[in-house]
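Next come the chains, spelled out residue by residue.
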Amino acid sequence: MSKAYKDHLGRPIIAVTGMGVITSLGQGLEDNWSALTGGVSGIHKITRFPTDALSTRISGTVDFIEIPAENAVERSYAMARETTLEALAQAGLSGEFNGPLFLAAPPIEPEWNARFELADRSPPSSQPGDAYNRFLAAMRQKADPVFHEAVLFGSISERLADRFGTRGLPVTLSTACASGATAIQLGVEAIRQGRTDRALTVATDGSVSAEALIRFSLLSALSTQNDPPEKASRPFTKDRDGFVIAEGAATLVLESLEAAVARGARISGILKGCGEKADLFHRTRSSPDGGPAIATIRAALADAGIDEGGIGYINAHGTSTPENDKMEYLSMSAVFGERLTSIPVSSNKSMIGHTLTAAGAVEAVFSLQTMLTGTLPPTINYQNPDPAIVLDVVPNVKRSQQVTAVLSNSFGFGGQNASLVMTAEPA
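If you're wondering where the values come from, they're calculated on a predicted model, not measured in any experiment. Each chain has its residues counted from 1, following the order in which its sequence is written. With the structure being a predicted model, the display of local features is reserved for residues of pLDDT at least 70 and the display and counting of side-chain atom pairs for 80 or more, all residues being used for whole-chain, interface and lining totals. Excluding hydrogens and water, the side-chain figures rest on all heavy atoms present in the structure.

K.L.:
Where do I start with the overall build of the protein in this structure?
P.N.:
Of the regular secondary structure elements, the protein holds 13 helices and 15 strands. The C-alpha atoms of the protein give a radius of gyration of 21 Å, which matches the 22 Å a tight globule of 427 residues would have. For the C-alpha atoms alone, the extent of the protein along its principal axes is close to 70 × 50 × 40 Å. When accessible area is computed with a 1.4 Å probe and restricted to protein chains, residues below 20% of their type maximum are described as buried, those above 50% as exposed, and intermediate ones as partly exposed. Across the 427 residues of the protein, 58% fall into the buried class. Counting only contacts in the protein whose residues sit at least 6 apart along the sequence, the fraction spanning at least 24 positions is 78%. All accessible-area figures derive from a Shrake-Rupley calculation using a 1.4 Å probe, and residue coverage is judged against the displayed protein chains alone. Total accessible area on the protein stands at roughly 17,000 Å², and carbon and sulfur atoms take up 52% of it. Charge counting follows a simple rule: Lys and Arg are positive, Asp and Glu are negative, and His as well as the terminal groups are ignored. All charge positions are set by atom: Lys at NZ, Arg at CZ, Asp at CG, Glu at CD. The average position of the 36 basic charges and that of the 45 acidic charges among the side chains of the protein differ by 2 Å. By the criteria applied, helices consist of DSSP H or I runs no shorter than four residues and strands consist of E runs no shorter than two, each listed in order from the N terminus. Computation of the radius of gyration draws on C-alpha atoms alone. For the globule rule, the value is 2.2 Å times the number of residues to the power 0.38. The contact rule is simple, with two residues in contact once any of their heavy atoms fall within 4.5 Å.

Here's what the structure looks like:
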């Protein structure tokens, strides 16, 4: 392999040759990018299920894709399928993909209505606490393929593998809000290790349900500023009160730069570096001193062979929760020092909400698009800045500015931290 196709550590340089995305803003990269840079919000009142008794009644659900059954597996699969079709078309690839698949997918549980339907056809209780056995008895009596498919965690990746002809056993991972970035990292590592010339990295999350809202509400994680919905997500402001739960998906086609150039592929950017660290502070909260997040950013920069001065833009995790925004600012300050105030920072979540499992990949797509177009998306709803968080957040309106290196952060529940460094195509 020529030196032109190797990075600073002698590994293959990883190119992105195809991208696809779906969020509450719409389907496809073109529509999403137009809305995102236009400062449009996709957050709206929930219509999927009753919210009368809930403290949070808004979200960024994706309700415009037809699915055969109303459950998280079908919704997540449909979005992953559509973003993969878009990414492969952009990459100019058809037929068997002939590379591994790495999928970030949400944890899967039966929806409440499905549990109630199963309970209704279960035999009468013979003793306390035997609900599980009653459910099994009902399923043995009458098979329910739709319910069965809806509770299989690995079924999404298996269906994608069959549809697109990926090679080997598909990998499904769930590392909370870092999942999308972690899937990309696994694709990068597979190519760097010489196991493949290309990898399909997909992240999807269609899991918004009443139960999900209740669980996150019990953690005091969700915004309760329901009216108007589009004003609820307010990253880095003084009056932020939680994130807005959302859905979405993104697919990136990764190839070694050498293989991409050899087949004349259009290159959208370079996956230059990945960093990942665990945080054992708490099951849901991040360490308030930012230590693991600091280590994650530094690991991504070191992996990319770029120092702090090389980053021109940061796509922040920017959830709009009081604690996480403060922790992320602390971690960025520790890494970039006084220079941080001169680095533009945006939170895509101010417009699309928090797409959970999909967030790292969705935001990676938008980070690459930022470099391709020379346009920095805004952070909307930035009317009341937090004086303790001093950032150039590209407030409210997009900015024209060419950047060649972007840092994208994903800091998740359970101590999952991942950062990606992306750069423009080398000359």
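K.L.:
Help me understand the packing of helix H3 (residues 112-120) against helix H4 (residues 131-141) in this model?
P.N.:
Any two packed helices are characterised by the angle at which their axes cross and by the distance between the axes. Contact geometry for H3 and H4: axes closest at 9 Å, N-to-C directions at 80°. If you check the angle between H3 and H4, you find them roughly perpendicular. Across the interface between the two elements, Arg115, Leu118 and Ala119 from H3 touch Arg134, Phe135, Ala138 and Met139 from H4. Angles run from 0 to 180 degrees between N-to-C directions of axes, and those axes are lines fitted to C-alpha atoms, restricted for helices to the stretch in contact. Roughly parallel here means an angle under 35 degrees, roughly antiparallel means over 145, roughly perpendicular means 65 to 115, and every remaining angle is called oblique.

K.L.:
What is the right way to read the packing of aromatic side chains from this model?
P.N.:
Each aromatic ring pair is described using two quantities: the centre-to-centre distance and the angle formed by the ring planes. Working definition: rings of Phe, Tyr and Trp (its six-membered ring) pair if their centres are within 6.5 Å, and the pair is stacked with planes under 30 degrees apart, edge-to-face with planes over 60 apart, and tilted otherwise. Counted by the stated rule, this structure contains two aromatic pairs. Plain terms: the ring middles of Trp33 and Phe366 are 6.2 Å apart, the flat faces sit at 35° to each other, and that makes the pair tilted. Residue Trp33 is found in helix H1 (residues 29-37), and its partner Phe366 is found in helix H13 (residues 359-373); the two are separated by 333 residues along the sequence. Assigned by exposure class, Trp33 and Phe366 land together as buried. Ring geometry for Phe216 versus Phe243: centroids 5.3 Å apart, planes at 75°, classification edge-to-face. Taken together, the positions of Phe216 in helix H8 (residues 210-218) and Phe243 in the loop between H8 and strand S8 (248-256) put the pair 27 residues apart, joining distant regions of the chain. Of the two residues, Phe216 and Phe243, neither departs from the other in class, the shared state being buried. Charges are assigned to positions over rings by a cutoff of 6 Å between ring centre and Lys NZ or Arg CZ, combined with an angular limit of 35 degrees from the ring normal. Sitting over the ring of Tyr77, Arg159 keeps its end group 4.0 Å from the ring centre.

K.L.:
Hey, could you run me through the pattern of salt bridges in this one?
P.N.:
Any two side chains of opposite charge can pair, so long as their charged atoms come close to each other. Salt bridges, as used here, are contacts in which a Lys or Arg side-chain nitrogen is within 4 Å of a carboxyl oxygen on Asp or Glu. Throughout the structure, instances matching the rule amount to 17 salt bridges. For the salt bridge of Glu74 with Arg159, the shortest nitrogen-to-oxygen distance reads 3.0 Å. With Glu74 in helix H2 (residues 72-91) and Arg159 in helix H6 (residues 155-164), this pair connects stretches of sequence that are 85 residues apart. The class for Glu74 is buried, based on a relative accessible area of 10%. Residue Asp325 pairs with Arg240 through a salt bridge whose shortest N-O separation is 3.5 Å. Taken together, the residues Asp325 in helix H11 (residues 322-336) and Arg240 in the loop between H8 and S8 connect sequence positions 85 residues apart. Like Arg240, Asp325 is buried. Through salt bridges that share partners, Asp7, Arg11, Arg192 and Asp303 make up one connected network.

K.L.:
I'm lost on the nonpolar core in this one. Help?
P.N.:
Among soluble globular proteins, nonpolar side chains are generally buried collectively. In terms of nonpolar packing, the biggest core is built from 45 residues, with Ile184, Leu252, Leu254, Leu271, Val365, Phe366 and Leu420 touching the most fellow members. When residues in this core are grouped by element, the largest group, seven residues, is from H13. Contact partners of Val365, with chain neighbours within four places excluded, come to Met19, Gly20, Val21, Leu29, Ala250, Thr251 and Leu252. Formed by 27 residues, the second largest nonpolar core is a distinct cluster that contains Ile294, Val345, Ile389 and Leu407. Buried Ala, Val, Leu, Ile, Met, Phe, Trp, Tyr and Cys residues that are joined via side-chain atoms within 4.5 Å together make up what is termed a nonpolar core.

K.L.:
Looking at this structure, I do not really get H13. What am I missing?
P.N.:
Think of an α-helix as turning once every 3.6 residues; residues three or four places apart then point the same way. Spanning 15 residues, H13 covers 21 Å between terminal C-alpha atoms, matching the ideal 21 Å at 1.5 Å per step. Burial analysis of H13 places 13 of its 15 residues in the buried class, the great majority of the element. Just past H13, the residue Gly374 takes up positive phi, approximately 65°. Expected helix span is given by 1.5 Å per residue-to-residue step, counting one fewer step than there are residues.

K.L.:
What exactly am I supposed to notice about the environment of Gly374 here?
P.N.:
The topology assignment puts Gly374 in the loop between H13 and strand S12 (375-376). Once the C-alpha coordinates of Gly374 and Val403 are considered, the two residues, 29 residues apart in sequence, prove to be 6.7 Å apart. The contacts of Gly374, once residues within four sequence positions are left out, are Arg399, Ser400, Gln401 and Gln402.

K.L.:
Can you help me understand unusual backbone geometry in this one?
P.N.:
The linkage connecting Asp227 with the following residue, Pro228, adopts the cis geometry, with an omega of -5°. When you line up the elements, Pro228 lands in the loop between H8 and S8. The phi dihedral of Ser320 is positive, around 85°, even though this residue is not glycine. Relative to the assigned elements, Ser320 resides in the loop between strand S10 (313-315) and H11. Of note in this structure, Leu356 is not a glycine but carries a positive phi near 55°.

K.L.:
I tried to follow a nonpolar patch on the surface on my own but got confused; where do I start?
P.N.:
Surface patches are drawn from residues lacking salt bridges whose relative accessible area is over 30%; two like charges belong together within 9 Å, two nonpolar side chains (Val, Leu, Ile, Met, Phe, Trp, Tyr) within 5 Å. A surface patch of nonpolar side chains, about 430 Å² in accessible area, is lined by Trp112, Phe116, Ile214 and Leu218. Those elements that place two or more of their residues in the nonpolar patch are H3 and H8. With respect to the secondary-structure elements, Trp112 resides in helix H3. In this structure Trp112 comes out as partly exposed when scored by relative accessible area, which is 36%.

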